[in-house]
Amino acid sequence: MHIIRNNSNHVFLRVLTSFLVSLFSFMIVALLIINSTFLNAQFIINVFENHNFYVQMYNEYSQEVEYLADPAGVDSKIMSSVMTQEEMQQDIVNTVYSAYNYKGAAGFSIDKDEIENRFFDKLSNYAISLGYTVEGDISTNLQYVSKCAASTYETYAKFPYIDYLGNFSIQLKKAFGIGLVISMIIVFAMIISLYLTTEWKHRATRAIVHALSGSGLMLVIAPMAFLLSNKIKYIAITTKSIYDFAVGYVEEVLVMFIISGIGLLIASVLVFLFVYKRQHEKALH
Amino acid sequence: MAFFGLPLIFVILAYVIIYFIAEPIITPVSSVFDMITGDTIPDFSQTQNTNDILEISNIADQANIISSAEIKIPRNGDVYATLTIDGAGVNTSVYYGDDNAILRKGVGQYTGSMLPGFGSTTLLGGHVNTYFKGLKNVKVGDVININTTYGAYEYTVTNLKVVDYQDKTAYDLAAAYDNLILYTCYPFGTLGFTAQRYFVYAELTSGPKVKYTTDK
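For every chain, the first residue of its written sequence is number 1, and the numbers climb from 1 along that sequence. Lettering for chains starts from A, numbering for ligands starts from 1, and both go in the order in which the items are written. In keeping with the predicted nature of the model, local features appear solely for residues at pLDDT of at least 70, side-chain atom pairs appear and are counted solely at 80 or more, and the whole-chain, interface and lining totals rest on all residues. In computing side-chain values, all of the structure's heavy atoms are included and hydrogens and water are not.

Draft legend 1. Local environment of the sheet that holds strand β4 (residues 107-109) of chain B. Residues and elements named next belong to chain B. Taken in spatial order, the eight strands of this closed barrel run β2-β3-β4-β5-β8-β9-β7-β6, and their pairing is mixed. If you compare each strand with its neighbour and ignore which way they point, the axes differ by 30 degrees on average. Between any two strands, at least two bridges found by DSSP are needed for them to pair. A run of H or I in DSSP counts as a helix once it spans at least four residues, and a run of E counts as a strand once it spans at least two, with each numbered from the N terminus. Judged from the five bridges that link them, strand β6 (residues 143-148) and strand β7 (residues 152-164) form a sheet pairing that is antiparallel. Bridge pairing in β7 places Ile144 opposite Tyr155. Note on method: axes are straight lines fitted to C-alpha atoms, helices fitted across the in-contact stretch only, with angles between N-to-C directions ranging 0 to 180 degrees.

This is the structure:
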């Protein structure tokens, strides 16, 4: 193996290798973050929990279903008491997991008929308590209210665009996995070649330090700039629950990039101090 | 120096390379992002009641004409008038727009119809169990008063009709005279969503005319 000595060509080669290690390390971390966030159903569930999504979504659904009560001549609380927040939460979670695990429409679907029947039973009991007989026109009218209420529930419990996100995630996962393996092989090969071709090992280590801090800065600067610009908060979503989710989702991904970047920067400083200390000790001896 | 300088150069180089490689993705994504972002951060703390303040006035001149430029045209969700039918038990606020939230607060004007005084049809809808419960008591010849933020209007009921909810011939929004149509679900005193609608037709008997102008 040819040993790189310290002339300008060799320095250039070392810097270039260091840069490539830096770029591919950045890619590895970025792919890992995207894999554990955008392509991960559990991450969405965590964002729901962190941003009080279920409560907000249930409140919005309750308000919408209560609006149906006014034209139907029904007590609004009757409408909102049919489905509980826990049931809606479970349906939302099932919908998300299903979208991320089954391609197409093979996954979980909300049992609208069952929900419609529950609304109808509740409304029928209410009508009977008011002295109505639930047959003929009244029965048909209440069935129509139940159908609308069940559709309203489905609209809220089936998280918007989740099928598209899920399908997108399933398609990308394989490509991301391949990209991750290739990047790891490249980084590993370059680090080995850097040590094998550099006469003074501390210089190779210093090149790794530059690569690590470079990747760290790449992971921090752009996400930090986007986060501080607050641009995501200008997203024009009119439903508060969805708005909070979307902003929280993007912000949490950006924060993961920043934390990972800071982690790499700290690692590079520690390696630098370690190299400096060893050199200093050698000089003393 | 190299400890700080080289990584910074790496960052700039990497961002440039990534930009050029991912440019076919970055450009459309950024265009879509621009399309879905507004100029202001959405404010969800705004309560719906901010538009519920109603100041009734009459700004007509001596010839009982109002310049359209002098009228503050309501936005969706604004209350702009009161509606009363003495003897029928109808006394409610009139909102511009007729979505679910509005119909919970009063009666709502279909935004595809005209405001009173503008020379065409004003179409107002309300729920049968709340604000338009009293429509069942309305008779031909009854007087309907609508007091708006720009003038007071009086209509006389000319006809009452029950039609199917899909019957679009029940109203003429292109009529060339000032008229008022009120509608609600039918039959009265039932439960659930019904397939029929109850229409009350009225013609303008007094109130300022609105003249289209651009100057105040």
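Draft legend 2. Summary view of the pattern of salt bridges. When a carboxyl oxygen of Asp or Glu lies within 4 Å of a side-chain nitrogen of Lys or Arg, that pair is called a salt bridge. Going through the model one piece at a time under the given rule, you end up with 12 salt bridges over all chains. Here Arg75 of chain B ties to Asp78 of chain B by a salt bridge, and the two come within 3.7 Å at their closest N and O atoms. Where Lys209 of chain B meets Asp178 of chain B, a salt bridge forms, and the shortest distance between an N and an O atom there is 4.0 Å. Taken together, the positions of Lys209 of chain B in strand β10 (residues 209-211) and Asp178 of chain B in the loop between β7 and β8 (179-186) put the pair 31 residues apart, joining distant regions of the chain. When accessible area is computed with a 1.4 Å probe and restricted to protein chains, residues below 20% of their type maximum are described as buried, those above 50% as exposed, and intermediate ones as partly exposed. According to the relative accessible area criterion, Lys209 of chain B is partly exposed, its value standing at 46%. Counted as one network, the salt bridges with shared partners bring together Glu66, Asp70 and Lys77 of chain A together with Arg104 of chain B.

Draft legend 3. Expanded view of the packing of helix α3 (residues 53-72) of chain A against helix α10 (residues 240-284) of chain A. All names here are of chain A. Between α3 and α10, the shortest axis-to-axis distance is 8 Å and the interhelical angle comes to 155 degrees. By the angle between their axes, α3 is roughly antiparallel relative to α10. Crossing handedness for the pair α3 and α10: left-handed. In this structure, α3 contributes Phe53, Gln56, Met57 and Glu60 to the contact, and α10 contributes Lys240, Ser241, Ile242, Asp244 and Phe245. Any angle that is under 35 degrees is reported as roughly parallel, and any over 145 degrees as roughly antiparallel; angles of 65 to 115 degrees are reported as roughly perpendicular and all others as oblique. Handedness of a helix crossing follows the sense of rotation of the near helix relative to the far helix, less than a right angle counterclockwise being left-handed and clockwise being right-handed. The contact definition used throughout considers only heavy atoms, calling two residues in contact when any of these lie within 4.5 Å.

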